[in-house]
Amino acid sequence: MCAATWAFANNSADHTMLILWNHGWGILDPRWNSETNKWEVGSGVLSGCPIKRSGSAQVGLSKTRRGFIFGENPRTYLNNEDLIDGLAFINEKLLKGKSLDVLAFDTCMGGMLEVGYQVAPYAKYLVGNQSCSLRDGFDYRGVLSALNQGPEPRDLVITMVHVFDNYYSKHDTSGVYTHTALDLS
């Protein structure tokens, strides 16, 4: 919360956006398995994800670089309940009751409809992947270029999806990605 407090208190803007990055399981809350020293969500649940696939949907932190803010020591992460608590704090205390214009997840599964349902009271638009992301994450050059044009939030999220599509069409040989922007109203 310290970073959000500093960012929203020390900067004025017509619109607000928060990007969460690291690694994510969307609506699923994993558990640390101290026997395997890996985050787990259950056998086979995410076996289709090339990033998360390691036997039975286990991901060792050494193999990941993106998601819902995982830590090995201490073994913590931003679970869905804490995500909502954090967004409520930002909404009530920092933005004085206003919603974020854009909440973006530079993670796997941050754009799930179930995530959108949870965050709808705190954001107008949700941007993210419904499935797995490349380890590259967002094309931040493209996103910053779009931001420099000063678009309205709706136009920004549409542009973010186009930037993502352009990047992934060149870098994802599988051709399977599900980046989306959701109007949470």
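Structure: see above.
Each value, and the rule that gives it
Every residue gets a number counted from 1 within its own chain, in the order that chain's sequence is written. Confidence filtering applies because this is a predicted model: local features only for residues at pLDDT of at least 70, side-chain atom pairs given and counted only at 80 or more, and all residues used for totals across whole chains, interfaces and linings. Neither water nor hydrogens contribute to the side-chain values; these are computed over all heavy atoms in the structure. Secondary structure elements are taken from DSSP: a helix is a run of H or I of four residues or more, a strand is a run of E of two residues or more, and numbering for both begins at the N terminus. Burial here depends on accessible area, computed with a 1.4 Å probe over protein chains only, as a share of the maximum for the residue type. Under 20% is buried, over 50% is exposed, and the range in between is partly exposed. Residues count as neighbours in contact if any of their non-hydrogen atoms are within 4.5 Å of one another. We get accessible surface area from the Shrake-Rupley algorithm with a probe of 1.4 Å; when it comes to residues, only the shown protein chains can shield them. Think of each axis as a best-fit line through the C-alpha atoms, taken over the contacting stretch in the case of a helix, with angles from 0 to 180 degrees between the N-to-C directions. Note on terminology: angles under 35 degrees are roughly parallel, angles over 145 are roughly antiparallel, angles of 65 to 115 are roughly perpendicular, and the others are oblique. Crossing handedness: left-handed means the near helix sits turned counterclockwise from the far one by under a right angle, and right-handed means the same turn made clockwise. Polar here means any residue other than Ala, Val, Leu, Ile, Met, Phe, Trp, Tyr, Cys and Pro, which are nonpolar, and Asp, Glu, Lys and Arg, which are charged; Gly is therefore polar. Paired strands, as defined in this entry, are two strands with at least two bridges between them according to DSSP. The arc in question is the one spanned by the directions pointing from the helix axis to the C-beta atoms. Aromatic contacts are taken between Phe, Tyr and Trp rings whose centres are within 6.5 Å, Trp giving its six-membered ring; a plane angle under 30 degrees counts as stacked, one over 60 as edge-to-face, and the others as tilted. Crossovers are described as right-handed under a simple rule: with the strands pointing away from the observer, the path leading from the first strand over the helix to the second runs clockwise.

Turning to the overall build of the chain, a few remarks are in order. Helix and strand content of the chain: five helices and seven strands. Secondary structure elements in the chain, listed N-terminal to C-terminal, are α-β-β-β-β-α-β-α-β-α-α-β. By residue count, 46% of the 185 residues in the chain fall in the buried class. Across the chain, contacts joining residues at least 24 apart in sequence account for 65% of those joining residues at least 6 apart. Total accessible area on the chain stands at roughly 10,100 Å², and carbon and sulfur atoms take up 50% of it.

On to the packing of helix 4 (residues 140–147) against helix 5 (residues 153–171). The geometry of a pair of packed helices is captured by two quantities: the angle between their axes and the separation between those axes. Helix 5 packs onto helix 4 with a crossing angle of 155 degrees between their chain directions and a minimal axis gap of 9 Å. With respect to helix 5, the axis of helix 4 lies roughly antiparallel. For the pair helix 4 and helix 5, the crossing hand works out as right-handed. Of the residues in helix 5, those in contact with Gly142, Val143, Ala146 and Leu147 of helix 4 are Leu156, Thr159, Met160 and Val163. The residue makeup of the contact of helix 4 with helix 5, split by class, is six nonpolar, two polar and no charged.

Take the sheet that holds strand 5 (residues 100–106) next. The strand order across the open sheet formed by four strands is 1-5-6-7, and the pairing between neighbours is mixed. Each having just a single partner strand, strand 1 (17–21) and strand 7 (179–183) make up the two edges of the open sheet. In this sheet, adjacent strand axes meet at a mean angle of 15 degrees when their direction is disregarded.

Among the residues making up helix 4, those that are buried are Gly142, Val143 and Ala146. One side of helix 4 holds all its buried residues, which, seen down the axis, span an arc of 100 degrees. If you follow the buried residues of helix 4, they end up packed against helix 5.

Here the focus is the packing of helix 1 (residues 2–9) against helix 2 (residues 80–94). It is the contact of helix 1 with helix 2, at a shortest axis distance of 11 Å, that shows an interaxial angle of 35 degrees. In this structure, helix 1 meets helix 2 at a crossing whose hand is right-handed. In this structure, helix 1 contributes Ala4, Thr5 and Phe8 to the contact, and helix 2 contributes Phe89, Ile90 and Leu94. In terms of residue class, the contact of helix 1 with helix 2 is made up of five nonpolar, one polar and no charged.

This brings us to the environment of proline 153. Assignment of secondary structure puts proline 153 in helix 5. Note: C-alpha distance between proline 153 and lysine 124 (29 residues apart in sequence) is 8.5 Å. The residues contacting proline 153, other than those within four sequence positions of it, are His15, Asp101, Val102 and Tyr125.

A few words on the packing of aromatic side chains. Per the stated rule, a full pass over the model turns up three aromatic pairs. Between tyrosine 167 and tyrosine 168, the ring centres sit 6.1 Å apart and the planes meet at 55 degrees, which makes this aromatic pair tilted.

What follows concerns the pairing of strand 6 (residues 123–129). Summarising burial for strand 6: six of the seven residues are buried, a large majority. Strand direction decides the pairing type here: strand 5 and strand 6, joined by four bridges, are parallel. Of the residues in strand 6, the one forming a bridge with leucine 100 is alanine 123. In this region the chain leaves strand 5, passes through helix 3 (residues 113–119) and returns to the parallel neighbour strand 6; the handedness of that crossover is right-handed.

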